[in-house]
Amino acid sequence: MKACKMKRLVALLSLVFLYINTASAQLAIIPQPLHVTAAKGAFVLKGQGVIGVDQESEAVGRYLQRYLLDTYALVFKVNVYQHIPLHTAIKLISNKSSAEGAYTLSVNSGGITIGGNGAGVFYGVQSLLQLMPQGRGMLFRVPACTVEDQPRFNWRGLSLDVSRHFFTVAEVEKYIDVMAHYKLNVFHWHLTDDEGWRIQIDKYPKLTEVGSKISYWAKQGKFRKLDNLVDDGRDGFYTKADIREVIKYAKDRYITILPEIEMPGHSEAAIFAYPELGCQDSTGAKNRVRMYDPSEHTFQFLEDVLSEVIELFPNDYIHIGGDEAEMDDWLHSPTAVALMKKEHLKNVREIQSYFIKRIEKFLLSKNKKLVGWDEILEGGLAESATVMSWRGEEGGLAAARMHHPVVMTPLPYMYFDAPQAKVATEPIGWNPPVYWQMVYQYEPVSASLAANETSYILGAQGNIWTEKVPNLQHLEYMVYPRALAVAELTWTAKENKNIDRFEQSMYGQYNFFKLWNLNARLPNVQGMEDLVTNKDNIGIVLKHPLKDARIQYTLDGTRPDTKMASKPFPLVIQAAVKDSLLISADVSLQGTEQHIFQTALVKQVTVNPSTVEAAGLKPGLNLTEEKAMLGNPAKGIKAVSAGTYLNGYLKISTEGDYRISTDFEISPAVDLDKQVIISQNKNKYVAPQSALLHLKIGYYQLRGYYPVNDKNKGQTLLVIKNAEGKLLDTAVSLFH
Ligand code: ACM
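Computed from a predicted structure; not experimentally measured.

Q: Help me understand empty space enclosed by the protein in this model?
A: Gaps left between atoms are located by rolling a probe of water-molecule size over the structure's atoms. For the coordinates displayed, the defined rule picks out one cavity of 30 Å³ or more. Size it by volume and the largest cavity reaches roughly 30 Å³. Surrounding the largest cavity, T192, D193, W197, E262, H266, S267, A270 and Y292 form its lining. Along the lines of polarity and charge, the residues of the lining of the largest cavity split into three nonpolar, three polar and two charged.

What follows is the structure in structure tokens.
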């Protein structure tokens, strides 16, 4: 082939690649559909738009009409047809035969067609919304494509604790709206807890008259100090009319509500309203009664409450809590002690089991299924119970092995009250950080389940507890983008999951977040990482995945004053290093209020080549396995791998700058010439780190260690790049 012909071909090929890249970037749908095929061209709306619907799809058509009006100020007409005319701009065609939630979406220059059953048409519309313009006032242009899709799990949940802080109907509806955009379909509404009773119950008016005003009573000194909350709390409750409105709102978005009425613990607000329900400490010394007394009076109360709840909520399931019950309180309760004797219950766990089984029987008599947290396994699981596994997966796995339905919501992955980055730089929260990558990597069906047990896993759910979440803005900050990862791990086929693709698609969603005024936590700055260097001057390149992101920073560790002028990305920080430097950055997004805070420590070291004789060295590092002895002497002891020591030399053949880092999710310890260049046990998403070293020609002593860790499987231990960013071939640059 002639050179110029070759050049033309290369140019043509790169055009094709460019086209494919843009096409797939435009087709960034979360959760990733089963099949997406990009096509040439687009549908461009000219003039007035019509949404053609049939009788079954009319409500979804009106939903879409409202969305287009509210979001883009676009006026569409909804026309109901027996047979929707071919030329209609958007056609929503009901198709009863498809699988639950399945849909097809096709876009070409002539129009947009969505087909599916009821939920399917709605999900097809949600996928379409993500193909629409990411801002107002743009050309209404939807890229041509075909999508065939269906969900992996039927339980794709998100919870909200409205007890610790109350959230209004409008706030709950916004929460539900965003869930719907990502095809989440179970809203778990945690309506009662110690710090507030939030649902009107006609037969027991004090539940709301007193129990929904805990914050007020605490300020009066009549209730204990609310020192587990971040502030004084937020009072309020939902009337039955409110509840009915929210149920309808959710139903219109194909979301089922799972109401939770906590028992036998976490019931302080109800007991404050009706003290006779509480388990009185026989010593009378307690100032906090959270446990129901297992009396006939309590059971009558709970049945009355549940009857009114059941009357409101049309769904199959009622959540009765069951977590963290302070069962030992029952040892001081004459009622509980008498009950143990009468029912031959051996311990408090068996009282709990008796309690839950009585409630189960009542729910079954009303055609409802009981859901409880995994503690309900203790003392004997109620026969028909569905288990929500939160203290890890063990409870859920045990329940699945007993052929009980299970929803996986395990700590730490599914707990969004944890911070999303280094604790010191985030708002206060429980537990160590849970970053979105960690949520994304969670797999609800454990490999340890047998084939006939896997179908008991109904799906998964993200949970948020609101002790430290005082308002909607903060709630959105905690829940998003992590809930997008839940959407994808519950909807998307396992083989279609891809964290890099998800990451890019997720960044695109921030344009929609802006349109919806959703305060999702901003992505971290790229390049903001702890650095070890032997240089006196460094240039750090900072990038951000969002176009409108801005940064302010200081180099002395003080928090930047947000009134300082902010700078766009990419940004190069040139700085002199003397011993150390603490970069503190404040990141915001133009047009929004949110600021996130990040820090990075730059530490100076001195490294010199070794005096080792090159002639005696062999290629590769010397890796020594560390063994640990497991077992017990009577039954036999087994040596298992515990970690790996590395020992050797890094050969530098050209003097220059080198960047050394690790791809391990949990970092190894690595020393170069006895200086720590990578610190052990840091998470690459939470505390990224690398070394930037100017190295002369020579052999540098390299030592390190890493313990066995499943999270690091398949990842590269050492990534060494030269100043041009070219990877050093470790096969020819490492010796021992
Ligand atoms: C729970 O987080 N206590 C269910």
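Q: Is there a simple way to think about the pairing of strand β23 (residues 580-589) in this case?
A: Residues in a regular strand project their side chains so that they alternate between the two faces of the sheet. The buried fraction of β23 amounts to eight of the 10 residues, a majority that puts the element mostly inside the structure. Two strands pair when backbone bridges link them, and strand β20 (residues 549-554) and β23 are joined in this way by six bridges, in the antiparallel orientation. Following the sheet pairing, T554 is matched in β23 by S584. Taken together, the nine bridges between β23 and strand β24 (residues 595-604) define a ladder with antiparallel strand orientation. Paired with I583 across the bridge in β24 is A600.

Q: Looking at this structure, I do not really get the sheet that holds strand β16 (residues 406-408). What am I missing?
A: By way of backbone hydrogen bonds, the strands of a sheet pair with one another, either parallel or antiparallel. The sheet built from eight strands closes into a barrel, its strands ordered β8-β9-β12-β13-β14-β15-β16-β17 with parallel pairing. Averaged over neighbouring strand pairs, the angle between their axes works out to 30° when direction is ignored. Pairing analysis gives three bridges linking strand β14 (residues 369-373) to strand β15 (residues 386-389), with the strands arranged parallel. When the sheet's bridge partners are listed, V371 is paired in β15 with T386. Lying over the sheet, helix α9 (residues 296-312) contacts β12 (256-263) and β13 (317-321), oriented at roughly 170° with respect to β12.

Q: What's the story with the side chain of S667 in this structure? I'm lost.
A: Counting through the fold element by element, S667 comes out in the loop between β27 (656-661) and β28 (669-672). S667 gets classed as buried once you look at its relative accessible area, which sits at 3%. Separated by 2.5 Å, the side chain of S667 and the backbone oxygen of S679 make a polar contact. Reaching out from S667, the side chain makes a polar contact with the side chain of Q689 at a distance of 3.2 Å. Apart from residues lying up to four places away in sequence, S667 is in contact with T662, I678, S679, Q680, N681, K682 and Q689.

Q: Would you mind going over the sheet that holds strand β2 (residues 49-53) with me for this structure?
A: One open sheet holds the seven strands; their spatial order is β1-β7-β5-β6-β4-β2-β3, and the pairing between them is mixed. The open sheet is flanked by β1 (35-44) and β3 (76-80), the only strands paired with a single partner. On average, each strand axis in the sheet is inclined to that of its neighbour by 20°, with strand direction left out of account. Set on the sheet, helix α2 (residues 58-72) makes contact with β2, β3 and β4 (90-94); between it and β3 the angle comes to about 175°. Those strands touched by helix α3 (residues 118-131) are β4, β5 (103-108), β6 (111-116) and β7 (141-149), and its axis lies near 145° from that of β6.

Q: Quick question: what am I supposed to make of the nonpolar core here?
A: Soluble globular proteins: nonpolar side chains tend toward being buried together. Core analysis: the largest hydrophobic core is formed by 187 residues, its most contacted members being W189 and Y480. With residues up to four places along the chain from it excluded, the contact list for W189 reads L160, V162, V172, Y238, I243, V246, I257, L258, P259, E260 and F313. Listed in part, the 24 residues of the second largest apolar core include V532, V670, L717 and L734.

Thresholds applied
- Residues numbered from 1 in each chain as written.
- Predicted model: local features only at pLDDT ≥ 70, side-chain atom pairs only at ≥ 80, totals over all residues.
- Heavy atoms only, no water.
- 1 Å grid on protein atoms, 1.4 Å probe; cavity = no way out; pocket = protein on both sides within 12 Å on 5 of 7 lines; lining within 4 Å.
- Points joined across faces, edges and corners; volume = space filled by probe spheres on them.
- Nonpolar A, V, L, I, M, F, W, Y, C, P; charged D, E, K, R; others polar.
- Buried < 20%, exposed > 50% of the residue type's maximum accessible area, 1.4 Å probe, protein only.
- Helix = DSSP H or I, 4+ residues; strand = E, 2+ residues; numbered from the N terminus.
- Pairing = 2+ DSSP bridges.
- Axes fitted to C-alpha atoms, helices over the stretch in contact; angles between N-to-C directions.
- Contact = heavy atoms within 4.5 Å.
- Polar contact = N/O pair within 3.5 Å; in protein donor to acceptor, adjacent residues only side chain to side chain.
- Core = buried A, V, L, I, M, F, W, Y, C linked by side-chain atoms within 4.5 Å.

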